Amino acid sequence: MSLVTNILVTDDEPATLETLSAALEEMGYRVTTAVKGQEALALIRRQPFNIVIADIKLPDISGLKILEIARELNPETAVIMITGHASIETAVEAINEGAYAYILKPVAMSELETIINNALREQRLLIENRELVERLRQSNKRLEEVNMALEQVSQAKSDFMAKMSHELRTPLNSIIGFSEVILSKASPVDQATHDEFLNYIHVSAKHLLHLINSILDLSKIESGKMSLEPSEFDLAVLLEDVKITVLPMLATKKQTLQIEMGEGVSSIFADEAKMRQIFLNLISNAHKFTLTEGKIRVICQLETPHVLHCSVIDNGIGISPQDQQRIFEEFGQVKTSPNTRRQGVGLGLSIAKRLVELHGGKIWVLSELGHGSTFTFSIPLATKGGA
């Protein structure tokens, strides 16, 4: 069965037109006829034809004009010229203009059928080649995208390892350096210096443990091995416990922490440990970038009966718009001024984001340099039934 069947036949001889039309329809093609050239041009402009059969001599315009317009509108259209007045010049001219074939009247139907079959076969090959080229182009595009993604992953891995090595070396060097001084017999230290160095070692060890735990948490989330363990708990009690935990940290900069609970927020059903970590990470981040005697607020309210909406607000140094795009990335630390010392290891916000998303929620930031930041997360609340 022919893949393409639309054929236009144009001839000013009614008998020829009727004969060709009947024979082509019997072959299974869909045939449209026109007795004038202008009529044929109108049809060509209105709809596509795979085959155009046109008499080279028509009463109003030349068949060569039909050939020109048909090929202009669709270069793949096969135009077959027919004539009862053969000459080498007209045949050469028609072929040079792009005619697929040139045959004489009376038309031999077997010859015409062979020409049409050959033309349709070539059109199918052109379509298949074009589709193949497009598939190859799409495949190449996808391959380029995959390669680019792999390069980005490789670069991100290299960056991660470089930053990780640096972060691990810092507390380790401190532990090794101070312990070597304490253990040195050549220049013993007094008790006060001994205790001070032990404190430095203790602080560095805790920092190292926190860093390792953060990496392990991130690794569990990345590998899909961290799952939710929801239970019913009082959110206000959890936040008070978090407040007690962070008070010593806040005291170092004489900062205050205010907790505000919206109406109806009491017992919720979520993963208590992971919610605690989310708040600890966000408050710790606010503490780092809020100046001495700064204020931090935690506001929790129900956006809907089944959606919890919490914000951690500070009046700190703020975050520039361009940096807001990367602060949730691993090691996504920012410097707000040349004199601002980099703080932390840049994993707290990334882990908070992953834990919020593990709950099926989302987290975002609103901030302006010099005017503080507001980190907000929204999570759907689970129910005991699991819905």
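All of these numbers come straight from a predicted model, not from anything done at the bench.

Undergrad: Can you walk me through the nonpolar core in this structure?
TA: Within soluble globular proteins, side chains that are nonpolar tend to cluster in buried spots. One finds Leu 235, Met 275, Phe 279, Leu 282, Leu 308 and Phe 377 to be the most contacted residues of the largest nonpolar core, which totals 43 residues. If we skip the residues at most four places from it in the chain, Phe 377 touches Met 275, Ile 278, Phe 279, Leu 282, Leu 308, His 309, Cys 310, Val 356, Lys 362 and Ile 363.

Undergrad: Help me understand the pairing of strand β3 (residues 51-55), please; the structure alone is not making it clear to me.
TA: Regular strands place side chains that alternate from one sheet face to the opposite one. The element β3 is largely enclosed, with a buried count of five among its five residues. Along β3, one buried face is formed by Ile 51, Ile 53 and Asp 55 and the opposite face, lined by Val 52 and Ala 54, is buried too. Pairing of β3 with strand β4 (residues 78-83) involves five bridges; the strand directions are parallel. Following the sheet pairing, Ala 54 is matched in β4 by Met 81.

Undergrad: Just to check I follow, could you spell out the sheet that holds strand β2 (residues 30-34) for this structure?
TA: In any sheet, the strands associate via hydrogen bonds between backbone groups, in a parallel or an antiparallel arrangement. Taken together, five strands build an open sheet; the order of strands is β2-β1-β3-β4-β5 and the sheet is parallel. At either end of the open sheet lies a strand with only one pairing partner, and these are β2 and β5 (101-104). Sheet twist, expressed as the average angle between the axes of neighbouring strands with direction ignored, equals 20°. With four bridges connecting them, β4 and β5 associate as parallel partners. Pairing of Ile 80 across the sheet is with Ala 101, part of β5. Of the strands in this sheet, β1 (6-10) and β2 touch helix α2 (residues 37-46), which is tilted by about 140° from β2. Sheet strands in contact with helix α4 (residues 88-96) are β4 and β5, and its direction is about 150° off that of β5.

Undergrad: What is the right way to read the packing of helix α8 (residues 272-288) against helix α9 (residues 348-358) from this model?
TA: Describing two packed helices takes the angle between their axes plus the distance from one axis to the other. Following both chains from N to C, one finds α8 and α9 inclined at 145°, their axes separated by 9 Å at the closest point. For the pair α8 and α9, the sense of crossing is left-handed. Within the contact between the two elements, α8 uses Lys 274, Gln 277, Ile 278, Asn 281, Leu 282 and Asn 285 and α9 uses Gly 348, Leu 349, Ile 351, Ala 352, Leu 355, Val 356 and Leu 358. Grouping the amino acids of the contact of α8 with α9 by side-chain chemistry returns eight nonpolar, four polar and one charged.

Undergrad: What should I look at first to understand the environment of Leu 58 in this one?
TA: The topology assignment puts Leu 58 in the loop between β3 and α3 (63-73). Assessed through its relative accessible area of 12%, Leu 58 is described here as buried. As a C-alpha pair, Leu 58 and Glu 131 span 73 residues in sequence and 37 Å in three-dimensional space. If sequence neighbours within four positions are ignored, Leu 58 has contacts with Thr 10, Asp 11, Asp 12, Gly 37 and Ile 66.

Undergrad: What should I look at first to understand the packing of aromatic side chains in this one?
TA: What characterises a pair of aromatic rings is the spacing of the ring centres plus the angle enclosed by the ring planes. Overall, the coordinates contain five aromatic pairs when judged by the stated rule. Ring geometry for Phe 328 versus Phe 375: centroids 6.0 Å apart, planes at 80°, classification edge-to-face. With a gap of 47 residues between them, Phe 328 in the loop between β10 (307-314) and α9 and Phe 375 in strand β12 (residues 373-380) connect regions that are remote in the sequence.

Undergrad: Can you walk me through the sheet that holds β10 in this structure?
TA: On the basis of which strands lie adjacent, the open sheet formed by five strands has the order β7-β9-β10-β12-β11 and mixed pairing. Of all the strands in the sheet, just β7 (256-261) and β11 (362-367) have a single pairing partner and so form its edges. Each neighbouring strand pair of the sheet contributes to a mean axis angle of 15°, computed without reference to strand direction. Contacts from α8 reach β7, β9 (295-304), β10, β11 and β12, with the element oriented near 170° to β12. Contacting β11 and β12, α9 runs over the sheet at an angle of about 25° to β12.

Undergrad: Which parts of the structure should I look at to understand α2?
TA: Along an α-helix, residues three or four positions apart point the same way, because every turn accommodates 3.6 residues. Considered for burial, the residues of α2 that qualify are Gly 37, Ala 40, Leu 41, Leu 43 and Ile 44. Buried residues along α2 cover an arc of 160° about the axis, so they all sit on one side. Structural note: α2 exposes Arg 45 and Arg 46 on the side pointing more than 90 degrees away from its buried face. Here the buried face of α2 lies against β1, β2 and α3.

Undergrad: Could you clarify how one ought to interpret unusual backbone geometry in this entry?
TA: Negative phi characterises most residues that are not glycine, and trans characterises most peptide bonds. For the peptide bond that leads from Lys 105 to Pro 106, omega is -10°, which places it in the cis range. With respect to the helices and strands, Pro 106 occurs in the loop between β5 and α5 (109-183). Of note, Lys 254 is a non-glycine position whose phi angle comes to about 55°, a positive value. Examined against the element boundaries, Lys 254 turns out to sit in the loop between α7 (235-251) and β7. In this model, Glu 293 sits at a positive phi of 65°, which is unusual for a non-glycine residue. With respect to the secondary-structure elements, Glu 293 resides in the loop between α8 and β9. Overall, Glu 293 belongs to the exposed group, its relative accessible area being 56%.

Conventions we followed
- Residues numbered from 1 in each chain as written.
- Predicted model: local features only at pLDDT ≥ 70, side-chain atom pairs only at ≥ 80, totals over all residues.
- Heavy atoms only, no water.
- Core = buried A, V, L, I, M, F, W, Y, C linked by side-chain atoms within 4.5 Å.
- Buried < 20%, exposed > 50% of the residue type's maximum accessible area, 1.4 Å probe, protein only.
- Contact = heavy atoms within 4.5 Å.
- Helix = DSSP H or I, 4+ residues; strand = E, 2+ residues; numbered from the N terminus.
- Pairing = 2+ DSSP bridges.
- Axes fitted to C-alpha atoms, helices over the stretch in contact; angles between N-to-C directions.
- Left-handed = near helix turned anticlockwise from the far one by under 90°.
- Nonpolar A, V, L, I, M, F, W, Y, C, P; charged D, E, K, R; others polar.
- Phe/Tyr/Trp six-rings, centres within 6.5 Å; stacked < 30°, edge-to-face > 60°.
- Arc of directions from axis to C-beta.

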